[in-house]
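# Residue-level structure breakdown
Residues per chain are reported as follows:
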Amino acid sequence: MDIKGIDVSAYNGTIDYKKVSADKIKAAIIRITERGNIIDPTFENNYKGFRNNRIKVGVYKYSYALNTAQAKTEAEKVLEVLHGRKLDFPVFYDVEWSEQRQLPKGEITRIIKAFREKIIKAGYLFGIYCNTDWYYHVLDTASLPYDYWLAAYPYNDRGVLVESLRPPVGIGWQYSAKGKVDGIEGYVDLDVFYKDFGGKEEIKPEKEYKTWVGECTGNGVNVRRGPGLEYLPIEGYPYLNKGNLVDVIGEKRAEDKVLWYHILIADKYKGYVRHDYLKRV
């Protein structure tokens with residue numbers, strides 16, 4: 001189910017959070033710092049206003065880093081501003097700056113990982129925001145197997161969701177830059193998210209499937225979010241190595257009819273592995 005959301009910054013001015021909540025907005029991603037690592041002047045009010053009105057909150061940082069040292073500085077400032085406060089959604093690293101696009105792909109990867117490392121160590125979730133052009137043509141997504149919030153909207157953007165443009169990947173979609181929401185003057189970015197980071201999923205074996213123990217037969221085997229190579233690795237436990245044991249709780253065939261096992265790792269992580277990488281023990 002789509003979670004209706006917005007993303008905001010100082011450009012959106014003073015917000016009536018109660019009206020936003022009444023307009024059925026369930027999530028707000030807030031800009032935390034701007035260029036020069038200066039705090040967005042509306043961040044404090046936005047954080048308190050949304051949370052006080054039961055709207056789940058995440059933050060984003062538009063990156064101007066051209067090397068790993070600058071990325072670490074950006075992360076340190078984000079953490080300083082958060083000061084241990086609760087977030088319901090990730091800290092999203094916004095990578096779309098034209099000067100970053102001139103960098104080698106490997107350097108962009110190192111920049112993102114340097115930022116992410118500090119965010120994760122501080123106990124926050126991490127994600128990447130970018131448009132679909134960056135996702136498909138700039139980023140080395142195989143080396144960056146994280147949660148993506150992707151932007152894609154029509155050239156004649158009218159503030160409505162155009163289903164044909166929905167990206168086939170990612171945990172969220174920014175589908176308009178010209179939305180209208182009660183409580184916000186002018187246009188606002190509109191989003192839908194598919195992952196409720198605040199929800200606690202009770203992990204149970206799938207019905208009518210006899211769970212069995214599988215042993216991994218290879219090294220560096222990806223545990224994917226769905227049955228097929230088009231799915232990204234899961235967060236937290238993306239790889240299995242030879243000899244690792246897992247519970248097999250189900251199975252599903254990919255579009256190419258190849259069988260994938262649905263697995264449970266350490267009673268905590270769920271994902272899919274191709275059948276030929278597991279043997280029954």
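Our subject is the structure that appears above.
Residues numbered from 1 in each chain as written. Predicted model: local features only at pLDDT ≥ 70, side-chain atom pairs only at ≥ 80, totals over all residues. Heavy atoms only, no water.

So, about the sheet that holds strand 14 (residues 259-265). Ordered in space as 15-14-13-10-16, the 5 strands form an open sheet in which the pairing is antiparallel. Because the sheet does not close on itself, it has two edges, and the strands there are strand 15 (269-274) and strand 16 (278-280). The sheet shows a mean angle of 45° between the axes of neighbouring strands, direction not considered. One ladder, built from 4 bridges, connects strand 10 (residues 212-216) with strand 13 (residues 245-253); its direction is antiparallel. Bridge pairing in strand 13 links Gly 214 to Val 246. (Pairing = 2+ DSSP bridges. Helix = DSSP H or I, 4+ residues; strand = E, 2+ residues; numbered from the N terminus. Axes fitted to C-alpha atoms, helices over the stretch in contact; angles between N-to-C directions.)

In this fold, Lys 113 is placed in helix 5 (residues 105-121). Considering only alpha carbons, one finds Lys 113 and Leu 144, 31 residues apart in sequence, at a separation of 7.9 Å. Sequence-distant contacts of Lys 113, defined by excluding residues within four places in its chain, comprise Ser 143, Leu 144 and Tyr 146. (Contact = heavy atoms within 4.5 Å.)

Side chains Val 91 and Tyr 93 of strand 5 (residues 91-94) all project onto a buried face; the interleaved residues Phe 92 and Asp 94 project onto the opposite face, where all are buried too. Relative to strand 5, strand 4 (residues 56-62) is paired through 4 bridges, and the arrangement is parallel. The partner of Tyr 62 across the bridge, within strand 5, is Asp 94. Handedness of the crossover is the feature at issue here: the chain leaves strand 4, passes through helix 3 (residues 68-82), returns alongside strand 5, and the resulting connection is right-handed. Pairing analysis gives 4 bridges linking strand 5 to strand 6 (residues 126-131), with the strands arranged parallel. Of the residues in strand 6, the one forming a bridge with Phe 92 is Gly 127. (Buried < 20%, exposed > 50% of the residue type's maximum accessible area, 1.4 Å probe, protein only. Right-handed = clockwise from strand over helix to strand, strands pointing away.)

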